[in-house]
Amino acid sequence: MKTADTTARDVLTQADAEARALRIANTAYTFALELTKGAPDYRGDVTIQFSCTAGGDTFLDFRGKEITLFEVNGEVVEPEWTGYRLTLPGAKLKPSNIVRIVYVNDYDHTGDGFHQFIDPEDGEEYLYSNFEPYEAHRLFPCFDQPDIKATYELSVVAPTEWEVVANSRELARTDNGDGRTRHVYAKTGSFSTYLFAIVAGPYEGFNEMHGEIPVGLYCRRSMARHFDTAEVFTITKQGLDFYAEFFDCPYPFDKYDQVFVPEFNAGAMENVGCVTHNEFMVFRDPPTENQRRERAEVVLHEMAHMWFGDLVTMKWWNDLWLNESFATYMSYLCMTSATRFTTGWQEFNSGIKNWAYRQDQLVTTHPISGTVADTDETFLNFDGITYGKGASVLKQLVAAIGMDGFREGMRHYFRTHSWGNTTLPQFLAALETGSGVDLKEWSRLWLATSSLNTISADWEADGERITSMVLRQAFPAAYPTLRPHTLELGLVRELDGELTITSLPASLATEEAEVDAARGLPKPSLVFPNHNDHAYAKVALDAESLAFTRENIDRITDPMLRQMLWSALWNMTRDQQLTSIDFLAIVREKIAAEASTELVDAVLGFAQTALGRFVPDEWKEEQGRLMFAAAWDTLQAAEGDRQIIWTRALVGFAMAAGDIERLGAMADGTETVAGLTLDQDMRWAIATKINAYGLADGPARLEAERQADPSDRGQRALLTGETIRPDAAVKAAAWEKFHGEGYGSLKLTRSAMSGFNHWRQKELLAPYYDGFFERVAGVFDGPEKEAATDYFATLWPSYRAERETIERANRILEARPDLTLLVRNLREAIDELDRAIKCREFAQA
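Residues numbered from 1 in each chain as written. Predicted model: local features only at pLDDT ≥ 70, side-chain atom pairs only at ≥ 80, totals over all residues. Heavy atoms only, no water.

Caption draft 1: Representation of the packing of helix α13 (residues 580-590) against helix α14 (residues 597-614) within the structure. Running from amino to carboxyl end, α13 crosses α14 at an angle of 150°, the nearest separation of the two axes being 10 Å. Considered as vectors, α13 and α14 are oriented roughly antiparallel to each other. Remark: the crossing between α13 and α14 carries left-handed chirality. From α13, Ser580, Phe583, Leu584 and Val587 reach across to α14, where they touch Val603, Phe606, Ala607, Ala610, Leu611 and Phe614. For the contact of α13 with α14, the class distribution of residues is nine nonpolar, one polar and no charged. (Axes fitted to C-alpha atoms, helices over the stretch in contact; angles between N-to-C directions. Helix = DSSP H or I, 4+ residues; strand = E, 2+ residues; numbered from the N terminus. Parallel < 35°, antiparallel > 145°, perpendicular 65-115°, else oblique. Left-handed = near helix turned anticlockwise from the far one by under 90°. Contact = heavy atoms within 4.5 Å. Nonpolar A, V, L, I, M, F, W, Y, C, P; charged D, E, K, R; others polar.)

Caption draft 2: Spatial organisation of the environment of Leu69. In this structure, Leu69 sits in strand β5 (residues 66-72). In sequence terms Leu69 and Pro79 are ten residues apart; their C-alpha atoms lie 8.5 Å from each other. With residues near it in sequence (within four places) discarded, Leu69 still touches Val76, Arg100, Ile101 and Val102.

Caption draft 3: Examining the pairing of strand β10 (residues 125-130) more closely. Of all six residues that make up β10, six are buried, and the element is covered over most of its length. Along β10, one buried face is formed by Glu125, Leu127 and Ser129 and the opposite face, lined by Tyr126, Tyr128 and Asn130, is buried too. Of the pairings in the sheet, the one linking strand β9 (residues 113-118) to β10 comprises six bridges and is antiparallel in character. Looking across to β10, one finds that Phe114 is bridged to Ser129. (Buried < 20%, exposed > 50% of the residue type's maximum accessible area, 1.4 Å probe, protein only. Pairing = 2+ DSSP bridges.)

Caption draft 4: Representation of unusual backbone geometry. The omega torsion across Glu132 and Pro133 is 0°, close enough to zero to call that bond cis. Mapped onto the secondary structure, Pro133 falls in the loop between β10 and β11 (150-159). At Asn73, a position not held by glycine, the phi torsion is positive, near 50°. For Asn73, the position within the fold is in the loop between β5 and β6 (75-76). Judged by its relative accessible area of 21%, Asn73 falls in the partly exposed class. Phi at Glu263 takes a positive value of approximately 55°, unusual for a residue other than glycine. Within the secondary structure, Glu263 is located in the loop between β18 (256-261) and β19 (268-269).

Caption draft 5: Expanded view of helix α21 (residues 728-738). Turning to α21, its buried residues number three or more, namely Lys731, Ala734, Trp735 and Phe738. Summarising the axial view, the buried residues of α21 lie within an arc of 100°, below the 170-degree limit, and thus occupy one face. What points out from α21, more than 90 degrees from its buried face, is the exposed set Ala729 and Glu736. If you follow the buried residues of α21, they end up packed against α20 (712-723), α22 (746-754), α23 (762-781) and α24 (785-795). Backbone nitrogen of Ala729 and a side-chain oxygen of the N-cap are separated by 2.9 Å at the start of α21; the cap is Asp727. (Arc of directions from axis to C-beta. Polar contact = N/O pair within 3.5 Å; in protein donor to acceptor, adjacent residues only side chain to side chain.)

Caption draft 6: Main features of the sheet that holds strand β26 (residues 498-508). Here we have three strands laid out as an open sheet, ordered β26-β25-β28, and antiparallel in their pairing. Among the strands making up the open sheet, the edge pair consists of β26 and β28 (526-528). Taken over all neighbouring pairs, the strand axes of this sheet differ in orientation by 20° on average, direction set aside. In the sheet, strand β25 (residues 485-495) pairs with β26 via eleven bridges, with the strands oriented antiparallel. Within the sheet, the bridge partner assigned to Leu489 lies in β26 and is Leu504. Seen against the sheet, helix α11 (residues 543-552) touches β25, β26 and β28 and runs at an angle of roughly 105° to β28.

Caption draft 7: Representation of the packing of aromatic side chains within the structure. The final tally for this structure, using the stated rule, is 63 aromatic pairs. Between the aromatic rings of Phe242 and Tyr243, the centroid separation amounts to 5.7 Å while the plane-to-plane angle is 70°, which identifies the pairing as edge-to-face. Across the pair, exposure class does not vary: Phe242 and Tyr243 are buried alike. Each ring, one from Phe308 and one from Tyr413, has its centre 5.3 Å from the other, and the planes form 20°; the classification is stacked. Residue Phe308 is found in the loop between α3 (289-307) and β21 (313-314), and its partner Tyr413 is found in helix α8 (residues 403-417); the two are separated by 105 residues along the sequence. In this structure, Arg85 packs its charged tip against the face of Phe59, placed 3.9 Å from the ring centre. Here the basic side chain of Lys731 rests over the ring of Phe756, its NZ or CZ set 5.1 Å away from the ring centre. (Phe/Tyr/Trp six-rings, centres within 6.5 Å; stacked < 30°, edge-to-face > 60°. Lys NZ or Arg CZ within 6 Å of the ring centre and 35° of its normal.)

Caption draft 8: Representation of empty space enclosed by the protein in the model. All told, the structure shown has six cavities of 30 Å³ or more when counted by the stated rule. There is about 110 Å³ of room inside the second largest cavity. At the level of elements, α5 (344-360), β29 (538-540) and α12 (559-574) are the ones that each hand at least two residues to the lining of the second largest cavity. Sorting elements by how many residues they give to the lining of the second largest cavity places α12 first, with four residues. Here the lining of the second largest cavity is built from residues that sort into six nonpolar, five polar and two charged. (1 Å grid on protein atoms, 1.4 Å probe; cavity = no way out; pocket = protein on both sides within 12 Å on 5 of 7 lines; lining within 4 Å. Points joined across faces, edges and corners; volume = space filled by probe spheres on them.)

What follows is the structure in structure tokens.
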């Protein structure tokens, strides 16, 4: 028997992966898993067949608890095991090998590995796996890298009342004789270890057929009454049809299940034939159309991976961006082409692109494609560049080469590379074949460089006609790259009391380009140099266009153009070209009558960020009062989704005492809005805000909501509401627990942490401001990356927008440059805090 060293650093380098991949091939896993209800651990028995070339020792990845048998080619061997790396002794390896490992392992409670969750509503136990990028070896010993693909034959013994869902169809169930059932699954095709999946527990299943494909949906029993399965089935079937036709490649696996699971770290994960989704997409409160559209995008994103990522997989994690960017672009293309959510590209601009723009302007900006030295660096790259910028650049590429060329290129890609691993040059070669366009220079300029350009239009008019129109692109001094942009120029002008839009195709590859087609056209009131959002670039409006936008943005008839103008105003606010106070004033004046709920949602989100981060603390309460009043007035006439969106914003804007009291009256029913019923999330938000401000009835309100909502959502909301109270004893007890036993799972601990800091509690939090800087490096010294990242995200003192905070963070950077993940978090936090300070100073000036 061999037990693990749980403190060992668990990381795989690209160099080690490449060396191992040269030796290992023809891999197959036969895996038996034994699950017992209520147990803290599980048992596994895995047999691995593989061929191996000579070359001394190699290794398996395994982060387990205890190995009870280690057998190499029929011989029992004493394990040489670091706690995450299990040596395969070269002296015992042959050209063809069979290795068997029997082991015991504890469940995980961090959302990664093999996660165990107990439902507080009914006490039921739920399990699921989550392995990207490098966590499959938490479940079973394996060659845990994307380019050692394998087949899998799985059997699972589990409580008889449980559903067990895996990557392939279930072939048989037999009674195990002890209240448990043995499930046997079909042998899979060949895929990477990070895409292996096992889900078990008393999940409620819903099943239909789509042609020859079994389609299943699963969620917890306590969630089943909320699950609107009809819409998810519809989106799923529309996506399967669209992708099969677009790629000219049928769905490649033997079934398609989607399981909505609790305490999930991400939005979803594209396991082969067994996608796991964050169950926040099973709506317990009435959802808006925006929420339904966002869910459709996630469903279609993970489905795109079945082809791009699962059937054809990146060779190493430096092409993670391509995997995620492609799925993001394709999900929006599918959504707008094949479903009822035809306004998806507008949400792409407000959400995906703005995320990318923000990430690309941080000090940690990086090329879309680059070298990833190890799996720790991979963890860092699940960011706005990997997802948002890459998808935006693909959208720009399709505009340049044409949709027909892109489609044919993708068809060639799947014909050529199915069931294999590829690199970026192979992807580009397929697009070159499909489009006939040489993409080498495009790739160099767009994929191998950092940051973004700013595009502007300079124009002159003689009387009522344009005499010249010049497009210009600029770059930040630190990133002097000019890129090719294929775009449209939008010209807006008054005609008979209405605004009309003329769109001109244009391209820009150098510092400036004349737009000959504009010469002689009627003089515009507004020129927007990225109409229809093809380009990935910031837009700088000329003075005349900016003045017109500020007065007339609500009159623009094209909702996408309105969205992009709002985004331009928001970027100007972030760049200290428009004060946060002015931006909030424009929001109050112009957004109330906005018809597009996508746009209302996006702009109110910008406004809450401006209020929280870019308004000086001494002005926050007054600005919050103004925003609350505007939201309250707008809410009186709002209906449907607009009513939900404005109510959520109303709670966010409440900072003045009278406004907090009005929220309490709404929760009590003594203050009402016609047609509005507060949902449970709204009630939790109100109770939490009341407790944050230290009102006497705060604890009682939290207790009342706990009684009304005993779910895991209620558990998390209660923890946030409790730790947010401005009480020294509460803060001290929470701080001790953060650094001790925690709250039972990473999600619960994060919820408690998320309520700890508050901008009005600086004096009370002073000891923990010091404590954060004293402890944070030690947290990142530990083995749990997700836990360390959550610690930083929730406890970083962003409420102290002061130069001292930046200085203290810089001292940690100097002291611990070895902690790659901490360095990335600190550098980005410093950059964001510096921007917040500058925006506040700009507002004051």
